[in-house]
Amino acid sequence: MRQAVERYRLLALMQAMRATRGSADAKPPVGSALRQDLYLLLEAHAVDVALMHALPGLAPALAALRADALEQRPPLDRLAPPLQTFERLVRTILATPTDLAIDPSGIFDALGVRRQIPALPATAAFARPRDTLAFVDTLLQAWPDADEAAARKGAWLWRDLWTGELRQPPSVTSIDQGPADESDTDRGVSRGARLDRR
């Protein structure tokens, strides 16, 4: 029971950090599903790094969540070949402690793609969601068969409790009550009622 409460508390703190960062506001608009899912993935990692800097005491709980998420990832051989590259990136991120930099070059090297890709920083370099989005665009430039990947429809990322989802809050519709009835105002008529006491 205690473990479940701690897990719920951690998930709530992760959501609060996403809200504080404005993660949903910077989410790429509808278009490339690959760009959107890369952003969701890297923002999940950025939120973990930010939480570790703000609340170091969360380290054991956060490590346990990441380990559970890694264990529950779908088997690679059940994914379509284009999705396997993405899934390898997910697993590399989850398997690396948040205080270490992550070099995604090895993932692309295994596919014969030799390009210089900067490492995901172990510091709060993704201090703002737009920094995350800039790194996403850097990754996209090196992505195998980038044009075909960008045109692919459907999700790239298998979502879970760790990745979360980024949703814009519903728009608030103001209720226009309209102008007051001038005839009543001019006549000094009150719309209230008064009851005499017995």
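Preceding this section is the structure that the text describes.
Student: Can you walk me through the environment of Phe126 in this structure?
Tutor: Tracing the backbone shows Phe126 in the loop between helix H5 (105-109) and helix H6 (129-142). Remark: the alpha-carbon pair of Phe126 and Val47, spanning 79 residues in sequence, is separated by 8.9 Å. Beyond its immediate stretch of four places on either side in the chain, Phe126 contacts Arg21, Leu42, Ala46, Pro121, Asp131, Thr132 and Phe135.

Student: Would you mind showing me how to read the packing of helix H3 (residues 59-71) against helix H4 (residues 81-95) here?
Tutor: How two helices pack is summed up by the angle between their axes together with the distance between the axes. Their axes nearest at 9 Å, the elements H3 and H4 cross at an angle of 150 degrees. In terms of orientation, H3 and H4 fall into the roughly antiparallel class. For the crossing formed where H3 meets H4, the hand is left-handed. Contacts from Arg66, Ala69 and Leu70 of H3 reach H4 at Arg91, Ile93, Leu94 and Ala95. Of the residues assigned to the contact of H3 with H4, the class counts are 5 nonpolar, no polar and 2 charged.

Student: Just to check I follow, could you spell out the pattern of salt bridges for this structure?
Tutor: Opposite charge on two side chains lets them pair, provided their charged atoms get close. Applying the stated criterion across every chain, the model contains 10 salt bridges. Here Asp37 ties to Arg159 by a salt bridge, and the two come within 2.7 Å at their closest N and O atoms. With a gap of 122 residues between them, Asp37 in helix H2 (residues 33-54) and Arg159 in the loop between helix H7 (146-151) and helix H8 (182-187) connect regions that are remote in the sequence. By relative accessible area, which is 33% here, Arg159 ends up partly exposed. We note a salt bridge from Asp48 to Arg66, for which the minimum N-O separation is 2.5 Å.

Procedures and definitions
Residue positions are given per chain, counting from 1 as you read along its sequence in written order. Totals for whole chains, interfaces and linings use every residue, but because this is a predicted model, local features are given only for residues with pLDDT of at least 70 and side-chain atom pairs only at 80 or more, for both listing and counting. Processing note: side-chain calculations cover all non-hydrogen atoms of the structure and skip hydrogens and water entirely. Runs of H or I in DSSP of at least four residues are treated as helices and runs of E of at least two as strands, each being numbered from the N terminus. The contact criterion used is simple: two residues touch if any of their non-hydrogen atoms lie within 4.5 Å. An axis is simply a line fitted to the C-alpha atoms; with a helix, the fit covers only the stretch in contact. Between two such axes, the angle follows the N-to-C directions and lies from 0 to 180 degrees. Any angle that falls under 35 degrees is termed roughly parallel, while one over 145 is termed roughly antiparallel, one within 65 to 115 roughly perpendicular, and all others oblique. In a left-handed crossing the near helix is turned counterclockwise from the far helix by less than a right angle, and in a right-handed crossing that turn is clockwise. Here the nonpolar group is Ala, Val, Leu, Ile, Met, Phe, Trp, Tyr, Cys and Pro; Asp, Glu, Lys and Arg are the charged ones; every other residue, Gly included, is treated as polar. When a carboxyl oxygen of Asp or Glu is within 4 Å of a side-chain nitrogen of Lys or Arg, the pair counts as a salt bridge. Type-normalised accessible area, obtained with a 1.4 Å probe on protein chains alone, sets the label of each residue: buried when under 20%, exposed when over 50%, and partly exposed for intermediate values.

That is the geometry; function is a separate question.
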